[in-house]
Amino acid sequence: MSDPVRERLDSLRARLILSSAVASFHYHQEETVGNVGYFRVRCTLIDGSELQLIERFRDVANALAVEKYSFHWQRNDGTPICRWDNAPHHRELATFPNHLHEGETGVVQAHVPVDAFAVLSEIEKRLTVD
C-alpha cells in the first residue's frame with residue numbers, strides 16, 4: 001500500500017542528497033501524523049549560504065497539498081537573500097497569502113505558491129548563474 005506522505009519525505013531527502021546546490025543538510029524535525037507530513041531542514045549550500053526549509057503538507061485522496069511553508073535563504077553572515085512563505089499577511093498582494101521577501105531590504109512581492117522542490121530548483125539555477 002502506497003503512503004504518499006512518507007514518499008514525499010523520502011523524495012525530499014533524496015533531492016537534498018542529489019542537489020548540486022546543497023553541500024550538507026541536517027533534519028531538525030520530520031513528522032508524519034496520519035495524512036499530514038512536516039519537515040524542518042537546515043542546509044549549507046555550496047557558496048556557504050544557508051537555507052532553512054519548513055513545510056507542512058497533507059494527503060487528500062492521494063493528492064498532496066502544501067498547507068504551510070517558509071523557505072529562508074541567507075548568507076552565512078545572516079544577511080537575507082530571500083524568503084518564500086505563505087504567512088497570512090500582505091493581503092494587498094494578488095497571490096495572498098503566497099509571497100516572497102527579496103534581499104536585505106525585505107521588499108515583499110507577489111509570488112506563486114512554491115514547495116521545497118521548487119525552491120531548491122530556483123536556488124540551483126541562481127548558484128549556477130552567479
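Bear in mind the structure is a predicted one, so any value in this text is a computation, not a measurement. (Residues numbered from 1 in each chain as written. Predicted model: local features only at pLDDT ≥ 70, side-chain atom pairs only at ≥ 80, totals over all residues. Heavy atoms only, no water.)

Asker: In this structure, what is going on with the pattern of salt bridges? I would like to understand it.
Answerer: Pairing between side chains of opposite charge can happen when their charged atoms approach one another. Summed over the entire model, instances satisfying the criterion amount to 11 salt bridges. The residue E124 makes a salt bridge to R15 at a minimum N-O spacing of 2.7 Å. Of this pair, E124 sits in helix 2 (residues 116-129) while R15 sits in helix 1 (residues 4-18), and the two are 109 residues apart along the sequence. Through salt bridges that share partners, R6, D10, R13 and E30 make up one connected network. (Salt bridge = Lys/Arg side-chain N within 4 Å of Asp/Glu carboxyl O. Helix = DSSP H or I, 4+ residues; strand = E, 2+ residues; numbered from the N terminus.)

Asker: Explanation requested: the packing of aromatic side chains in the structure shown.
Answerer: Summed over all chains, the structure comprises three aromatic pairs. For the ring pair F25 and Y27, a centre distance of 6.0 Å and an interplane angle of 70° mean the geometry is edge-to-face. Residue Y27 is classed as buried on the basis of its relative accessible area, which comes to 14%. When the centroid spacing of 6.4 Å and the interplanar angle of 50° are considered together, the rings of F39 and F57 count as tilted. In this pair, F39 is assigned in strand 2 (residues 36-45) and F57 in strand 3 (residues 50-60), connecting sequence segments 18 residues apart. Neither F39 nor F57 differs from the other in exposure class; each is buried. Lying over the aromatic face of F57, R8 brings its terminal NZ or CZ to 5.1 Å of the ring centre. Above the ring of Y27, the side-chain terminus of R13 is found at 3.9 Å from the ring centroid. (Phe/Tyr/Trp six-rings, centres within 6.5 Å; stacked < 30°, edge-to-face > 60°. Buried < 20%, exposed > 50% of the residue type's maximum accessible area, 1.4 Å probe, protein only. Lys NZ or Arg CZ within 6 Å of the ring centre and 35° of its normal.)

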